[in-house]
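Chains, contacts and geometry: an overview
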Amino acid sequence: MGCPEVPIQTSIALYLSHKLANLGFDVTVAGTGAANQLLKVSDSDGYYVKKLVNLDKTLEDVIENRADFDICFAFMHNDAGMTYAATMSAVSKAKLYSIVFGRNAEALAETIEFDCEMIIEKAAHNPVQLKNRLDKVVEGILK
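Residues numbered from 1 in each chain as written. Predicted model: local features only at pLDDT ≥ 70, side-chain atom pairs only at ≥ 80, totals over all residues. Heavy atoms only, no water.

Attention now goes to the layout of surface pockets. There is about 640 Å³ of room inside the largest pocket. Residue lining of the largest pocket: 28 residues in total, with Thr28, Phe69, Ile71, Cys72 and Phe73 positioned closest to the centre. If you list the elements that add at least two residues to the lining of the largest pocket, you get helix 1 (8-22), strand 1 (29-31), helix 3 (55-63), strand 3 (71-76) and helix 4 (79-91). Of all the elements, strand 3 adds the most residues to the lining of the largest pocket, at five residues. The class makeup of the residues in the lining of the largest pocket is 19 nonpolar, five polar and four charged. (1 Å grid on protein atoms, 1.4 Å probe; cavity = no way out; pocket = protein on both sides within 12 Å on 5 of 7 lines; lining within 4 Å. Points joined across faces, edges and corners; volume = space filled by probe spheres on them. Helix = DSSP H or I, 4+ residues; strand = E, 2+ residues; numbered from the N terminus. Nonpolar A, V, L, I, M, F, W, Y, C, P; charged D, E, K, R; others polar.)

Here it is in structure tokens:
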């Protein structure tokens, strides 16, 4: 997770982390300092997010082959989010899912030039449609 400027990012991250953990995945949530602080305040007892790490440090660990993941959900609502996702696409073996959201979601998604599955929702405040799309994607992962 990058900049937490768009309100739905925090709720969707909490939801997705909890959903995947309940399905048996070992979930790591990586975010920028501000994004992580929002998650810590929102989930102060660590009920939804068990493992919260620094995004830049995690990318460094993947680049240096100290860590990697099977799947990755990259949150993006701006060019910086796109850069993080493109980096993961280039350095990780993870199956990449780009969660493209916010008022300019469609335009941003059109600029993606790396291999990923896109989950696009033009939403900034109401997370329900994005949640529903993610539910379908997660069901597909389990099949």
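Structure's up, so let's keep going.
What follows deals with the nonpolar core. In this structure, Phe73, Ile99, Ile119 and Leu130 are the most contacted members of the largest nonpolar core, which totals 25 residues. The element that contributes the greatest number of residues to this core is helix 1, accounting for six residues. If near-sequence neighbours (up to four positions away) are discounted, phenylalanine 73 is found in contact with Leu16, Leu20, Tyr97, Ile99, Ile119, Leu134, Val137 and Ile141. (Core = buried A, V, L, I, M, F, W, Y, C linked by side-chain atoms within 4.5 Å. Buried < 20%, exposed > 50% of the residue type's maximum accessible area, 1.4 Å probe, protein only. Contact = heavy atoms within 4.5 Å.)

Pairs of aromatic rings are described using the distance from one ring centre to the other and the angle between the two planes. Scanning the entire structure with this criterion turns up three aromatic pairs. Taking 4.8 Å as the distance between ring centres and 90 degrees as the angle between the ring planes, the aromatic pair formed by tyrosine 47 and tyrosine 48 counts as edge-to-face. Given the relative accessible area of 35%, tyrosine 48 is considered partly exposed. Taking the centre distance of 6.3 Å and the plane angle of 80 degrees together, the rings of phenylalanine 75 and phenylalanine 101 count as edge-to-face. (Phe/Tyr/Trp six-rings, centres within 6.5 Å; stacked < 30°, edge-to-face > 60°.)

For the rest of this paragraph, the subject is the pattern of salt bridges. Under the definition given, this model contains nine salt bridges. Across the salt bridge formed by arginine 133 and glutamate 121, the nearest N and O atoms sit 2.6 Å from each other. Placement of the pair is arginine 133 in helix 6 (residues 128-142) and glutamate 121 in strand 5 (residues 117-121), with a sequence separation of twelve residues. Within this structure, Lys57, Glu60, Asp61 and Arg66 form a network of salt bridges that share partners. (Salt bridge = Lys/Arg side-chain N within 4 Å of Asp/Glu carboxyl O.)

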